[in-house]
Structures are given as C-alpha cells and as structure tokens.
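Below are the chains, spelled out letter by letter.
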Amino acid sequence: MYVLGLETSCDETGVAVYHARRGLLAHRLFSQIRLHAPYGGVVPELASRDHIRKLIPLIRQTLDDAGLTIRDLEGVAYTAGPGLIGALLVGASVGHSLARALNVPAIGVHHMEGHLLAPLLDNPELRPPFLALLISGGHTQLIQVDDLGAYRLLGESIDDAVGEAFDKVAKMLELGYPGGPALERVALEGNPERFRFPRPMTDRPGLDFSFSGLKTFVMNTLGKTSATSQDRADIAYAFQEAVADTLAIKCRRALRQTGLKRLVAAGGVCANRTLRRRLGEVAAHEGAQLFLPRLEFCTDNGAMIAFAGCLRLLSGQREKGEIKAQARWPLEELPPIACRAEFPLPEIAAESYPR
Ligand code: KG4
Ligand code: ZN
C-alpha cells in the first residue's frame, strides 16, 4: 500500500510516501524558519498561508522522487492534530480532497503518535511494550506504550513544554528563533564550571515535569551578569544540562517503576545531542535499550505521518466523510492499531532510504 503523508501542524510543510513493505520511498520538507524569524516565533496566520503555497508543489516533487504518479497512491494520511488549527486545516483539506478525487481512503493522524512511532522507521525490530518520552514544542510526556495505539500517560509537564522552555530561554539570551538548535550551538562554548541550575521536581516522587521555574532561574541569573556572549553561553550550557538531567532522571524513574526495558524518545527536542547522550547513559545503566529517531525525524516531518497513517490504514481505519482537524487531542483517546498479523514494519526501510 502506497501512502502519502502530509504534515502541516506548525511551521514545517512535510510530505512523504511510505509503502507497507518497501518502506520509506521519499520525503521532503519545507521549513518556514525564514518566514517567522523576524517575529521571533511562529505567526499562525502566516504559517497557514505558506502551507497553502508549498504543499501541492511539495507533493509533486515527493512523488517524482519516489518514481510514482498520483494514481499510484492507495491512501492519504494527514496530521489532524494537535497543532495550529489554520495550519492543520490546510493539510486536512488537501488530504481529503486528494483522497476523494483518487477514491482512496484518508486517515487523520495524531501528530504526537507520528513522533512516537518515528523511531520505528529506522528500528523495525522495535516492538511494544516500551516507555516513550515525547518532547516537542508543545508536549513533554512520559507514555507507557502497551501496544501500538494503546497509550497510557504516566507523567507530563504541568506548565511549559520542554521545547517551549528552550525557545523562551533562547529568546532571553537573544539567540533568535528557533531557539532549541541555537541554544545547543551556543552551549558548546559554555563553561561547565560556572553555573549549576536546579533539576525541577526531581526531589519529590512522581513523573510530572515543570520547566517554568527553570526559565525564571535563567532570567534571574542573566540579570546578575553583564550578558556578554560568554555569560550567555555559560547560562545556555547550565540550562541544557539541567533539562537533560531532569528528563534523564524521570526516564530512569519511569523505567524502574514500570519494569520496561525499552526506552523510546522522540520529538524535536530529541535532536539535542547532550540529551541523546544522557538518555543513552540512563538506558545503559538500567539495562534498557534506547531507540531514537535519526536527527531529521526528530523534528516535524512527513515521513512519520505517512508511516503512522499506513499502520492505521492497514488496520482498516479511515476517516468517514468529514474533514478532521483538532487543535487539542489527548493521545489516550486513540483507538488501538490492529494490524498485528501483517505487521508491516519496514524490514528494508533503512536500506531503501539511506541516511
Ligand atoms: O517536534 P517539533 O519539531 O515540533 C512540535 O511538534 O512542537 O519540536 C520543535 C521543538 C522546538 O521547541 C525546538 O526549539 C525544539 O523542538 N528543538 C530543540 C532542538 N531542535 C529542535 N531543542 C533542543 N535542542 C535541539 N537541538
Ligand atoms: Zn512535532
């Protein structure tokens, strides 16, 4: 089954084609960074308009890359939420129209399920049950994955998402947008000995997170310096360390609590190298295996949507007539993915689409 995946939930237009047995055939991404940079963050209306401009040409190019024509498609998957409603509606309307015109099924994919399943693109041997750490611009969640599509929320941020904290701290440090990658770059120049920031909510039981206090801590620390580029690098370093440690401590706690031996981390913040290293240390220490998406599949992309959509279409799920798009959508509301017998994991995906 050839499935087209469309991602338009925020500031990246992503398109991919995934085949149940052949794996990922092509994927393309257009980032709106330059469009939003002058405003220091994503402007929702500009995002929607740019998705409209870019989506159709990107679909054409991706099909070309895959050596397919539009008639070869057997299903269309699009991000139905959570995300910016105007941006979501672009992918949802294009996806539905295309599916209707081609007389193939359409499926609305949960953006965070896309992230959660992205490590499977390169690790076809990965099977539930596993623990998943989902860390993006809007979410910080620890999820127990009992089965594909069966998700139990173990803990989440009670205030800012971790990506949001990276972005806000980067703004305070005048590093521009998007904040996460910029902060990681600057932290490389930081002096590890200078500051030590708190690891929020690690001194009490539970698996929830909080990052807004850490943000305030950064602001107060910055206020006591002259904000030279070295001061800012030292703060960026200490912030990144505090976040990586906090996430690692909570993952260790969740692994012990659940007895799970597989840890998956996904979402934009997972592109952070310090964090990837720290999670690797925790997994090794706990005798668990760690699965991470390759860097380009940490941040938003069409491949994860095509893949998650393919799994759901193969288990017989499809949208009825209505165009589905919702800004809020708890992961636990999803129905299970029931395609175990012909579990279409991409045994050859890694070879068919080299890094
Ligand atoms: O998953 P994603 O692309 O979009 C959402 O679903 O939100 O995640 C975007 C978030 C942003 O907050 C961005 O600053 C953060 O991921 N991010 C990073 C890095 N790359 C992206 N945070 C820390 N280090 C990075 N290298
Ligand atoms: Zn995302």
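The preceding data block contains the structure.
Note that this is a predicted model, so its numbers are computed, not measured.

Visitor: Can you break down the packing of aromatic side chains residue by residue, with the values?
Guide: Here the structure, examined in full by the defined rule, presents five aromatic pairs. For the pair Phe195 and Phe197, a centre-to-centre distance of 6.0 Å together with 35° between the ring planes defines the contact as tilted. Of the two residues, Phe195 and Phe197, both sit in the buried class. Ring centres 6.1 Å apart and planes at 15° place the aromatic pair Phe209 and Phe211 in the stacked group. Relative accessible area serves as the criterion here: at 0%, Phe209 is assigned to the buried category. Judged by relative accessible area, which is 0%, Phe211 ranks as buried. Taking NZ or CZ as reference, Lys250 lies 5.5 Å from the ring centre of Phe209, over its face.

Visitor: Lay out helix H7 (residues 179-187) with the relevant residues and their values.
Guide: When we look at burial in H7, the residues that qualify are Gly179, Gly180, Ala182, Leu183, Glu184 and Ala187. Tucked inside the fold, the buried residues of H7 contact helix H6 (162-172), helix H9 (229-258) and helix H10 (273-286).

Visitor: Requested: an account of the coordination of the zinc ion (ligand 2), with residues and values cited.
Guide: Distances from the zinc ion (ligand 2) to its protein donors, His111 (NE2), His115 (NE2) and Asp300 (OD), fall at 2.0 to 2.1 Å. Sequence spacing of the donor residues for the zinc ion (ligand 2), all on one chain, is H-x3-H-x184-D. With His111 in helix H4 (residues 111-117) and Asp300 in the loop between strand S10 (289-291) and helix H11 (303-314), this pair connects stretches of sequence that are 189 residues apart. Given the relative accessible area of 6%, His111 is considered buried.

Visitor: Just give me the short version of the packing of H9 against H10, but keep the residues and values in it.
Guide: Where H9 meets H10, the axes come as close as 9 Å, and the angle between the chain directions of the two elements is 30°. Of the possible angle classes, the one that applies to H9 and H10 is roughly parallel. Considering how the two elements wind past one another, H9 and H10 form a crossing that is right-handed. Contacts between H9 and H10 pair Gln240, Glu241, Ala244, Asp245, Leu247, Ala248, Cys251, Arg252, Leu255 and Arg256 from the former with Thr274, Leu275, Arg278, Leu279, Val282, His285 and Glu286 from the latter. Here the residues of the contact of H9 with H10 are counted per class, giving eight nonpolar, three polar and six charged.

Visitor: Pulling in residues and values, what's your account of the nonpolar core?
Guide: Formed by 64 residues in total, the largest nonpolar core has its most connected members in Leu4, Leu6, Ile59, Leu116 and Leu117. In terms of residue count, the dominant contributor to this core is H11 (nine residues). Excluding its chain neighbours within four sequence positions, the residues that come into contact with Leu116 are Phe130, Ala132, Leu134, Ile143, Val145, Tyr151, Val264, Ala266 and Leu331. Core analysis: the next-biggest nonpolar cluster, separate from the first, contains 45 residues, Val162, Phe166, Ala248 and Ala254 among them.

Cut-offs applied
- Residues numbered from 1 in each chain as written.
- Chains lettered and ligands numbered in written order.
- Predicted model: local features only at pLDDT ≥ 70, side-chain atom pairs only at ≥ 80, totals over all residues.
- Heavy atoms only, no water.
- Phe/Tyr/Trp six-rings, centres within 6.5 Å; stacked < 30°, edge-to-face > 60°.
- Buried < 20%, exposed > 50% of the residue type's maximum accessible area, 1.4 Å probe, protein only.
- Lys NZ or Arg CZ within 6 Å of the ring centre and 35° of its normal.
- Helix = DSSP H or I, 4+ residues; strand = E, 2+ residues; numbered from the N terminus.
- Contact = heavy atoms within 4.5 Å.
- Donors = N, O, S within 2.8 Å, 3.2 Å for Na, K, Ca; no water.
- Axes fitted to C-alpha atoms, helices over the stretch in contact; angles between N-to-C directions.
- Parallel < 35°, antiparallel > 145°, perpendicular 65-115°, else oblique.
- Left-handed = near helix turned anticlockwise from the far one by under 90°.
- Nonpolar A, V, L, I, M, F, W, Y, C, P; charged D, E, K, R; others polar.
- Core = buried A, V, L, I, M, F, W, Y, C linked by side-chain atoms within 4.5 Å.

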